[in-house]
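# Summary of the model geometry
If you want the building blocks of each chain, they are given just below.
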Amino acid sequence: LLWSKVYDVIIKALIAGEHPIINGMKRNLSHRTNCFELLGFDVLLDSDLKPWLLEINLSPSLSADSPLDFTIKTNVISDSLNLAGVMKFDR
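Residues numbered from 1 in each chain as written. Predicted model: local features only at pLDDT ≥ 70, side-chain atom pairs only at ≥ 80, totals over all residues. Heavy atoms only, no water.

## A few points about helix H1 (residues 2-16)
Spelled out, the test is: A run of DSSP states H or I qualifies as a helix once it reaches four residues; a run of E qualifies as a strand once it reaches two. Both are numbered from the N-terminal end. Each helix should span, by expectation, one fewer than its residue count multiplied by 1.5 Å. Any residue under 20% of the maximum accessible area for its type is buried, any over 50% is exposed, and the rest in between are partly exposed; the area is computed with a 1.4 Å probe on protein chains only. This arc is taken over the directions from the axis of the helix to the C-beta atoms. Here a residue-residue contact requires only that any non-hydrogen atoms of the pair lie within 4.5 Å.
Compared with the 21 Å implied by 1.5 Å per residue over 15 residues, the 22 Å span of H1 between its first and last C-alpha is a close match. All buried positions along H1 are accounted for by Val6, Val9, Ile10 and Ala13. Down the axis of H1, the sector holding all buried residues measures 90°, keeping them to one side. Of the exposed residues in H1, the ones pointing more than 90 degrees away from its buried face are Lys12 and Ile15. In this structure, the buried side of H1 is in contact with strand S1 (39-45) and strand S2 (51-58).

## Quick notes on the pairing of S2
Short version of the rule: A pair of strands is labelled paired if DSSP reports no fewer than 2 bridges between them.
Where S1 and S2 come together, seven bridges link them in antiparallel fashion. Bridge pairing in S2 links Val43 to Leu53.

## Quick word on a nonpolar patch on the surface
Which entries qualify depends on this criterion: A residue counts toward a patch only above 30% relative accessible area and without a salt bridge, and it is joined to like-charged neighbours within 9 Å or, for Val, Leu, Ile, Met, Phe, Trp and Tyr, to nonpolar neighbours within 5 Å. Only the protein chains shown count as cover for residues, and the accessible areas themselves come from Shrake-Rupley with a 1.4 Å probe. Criterion for a salt bridge: a side-chain nitrogen of Lys or Arg within 4 Å of a carboxyl oxygen of Asp or Glu.
A cluster of nonpolar side chains, namely Phe36, Leu62, Leu68, Ile72, Val76, Ile77, Leu81 and Val86, defines an oily patch on the protein surface of about 670 Å² accessible area. With respect to the helices and strands, the residue Phe36 is situated in the loop between helix H2 (18-28) and S1.

## So, the pattern of salt bridges
Across all of its chains, the model carries two salt bridges by this definition. Put simply, Lys73 and Asp69 hold a salt bridge, and the shortest N to O gap is 3.4 Å. Separated by four residues within a single helix, Lys73 and Asp69 lie in helix H3 (residues 67-83), roughly one turn from each other.

## Remarks on the layout of surface pockets
Operational definition: Detection works on a 1 Å grid of protein atoms alone, calling trapped sets that fit a 1.4 Å probe cavities and calling open sets with protein on both sides within 12 Å along at least five of seven lines pockets, with lining residues defined by an atom within 4 Å of a point. Grid points are joined across faces, edges and corners, and a volume is the space filled by probe spheres set on the points. Note on residue categories: nonpolar means Ala, Val, Leu, Ile, Met, Phe, Trp, Tyr, Cys or Pro, charged means Asp, Glu, Lys or Arg, and polar means any other residue, Gly included.
What the largest pocket holds in volume is close to 1,000 Å³. Elements that contribute at least two residues to the lining of the largest pocket include exactly H1, H2, S1, S2 and H3. Reported here for the second largest pocket is a volume of approximately 200 Å³. Residue lining of the second largest pocket: Leu2, Trp3, Val6, Tyr7, Ile10, Phe41, Val43 and Leu45, and that is the complete set. The set of elements that each furnish at least two residues to the lining of the second largest pocket consists of H1 and S1. Broken down by element, the lining of the second largest pocket gets its largest block of residues, five residues, from H1. Among the residues forming the lining of the second largest pocket, the class breakdown is eight nonpolar, no polar and no charged.

Given below as structure tokens:
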């Protein structure tokens, strides 16, 4: 139930920002399918476990400051490239 509330906050934020994103893509890209953007969502949970969106980071930092940070961000990069359909190059 908690994750569904967090997802709801994220989806609403994406819907609210859809038009500026699409307009920026139309201005700067000749083909919609040749790029992707990684977004970082900072969500705070209050004492009642209600999620509050603090900010959305465009191109969040992927530098790692700790072993845990390295593991998390390595998985984020891997998942992002898999979702974008990037294939491993095999000679």
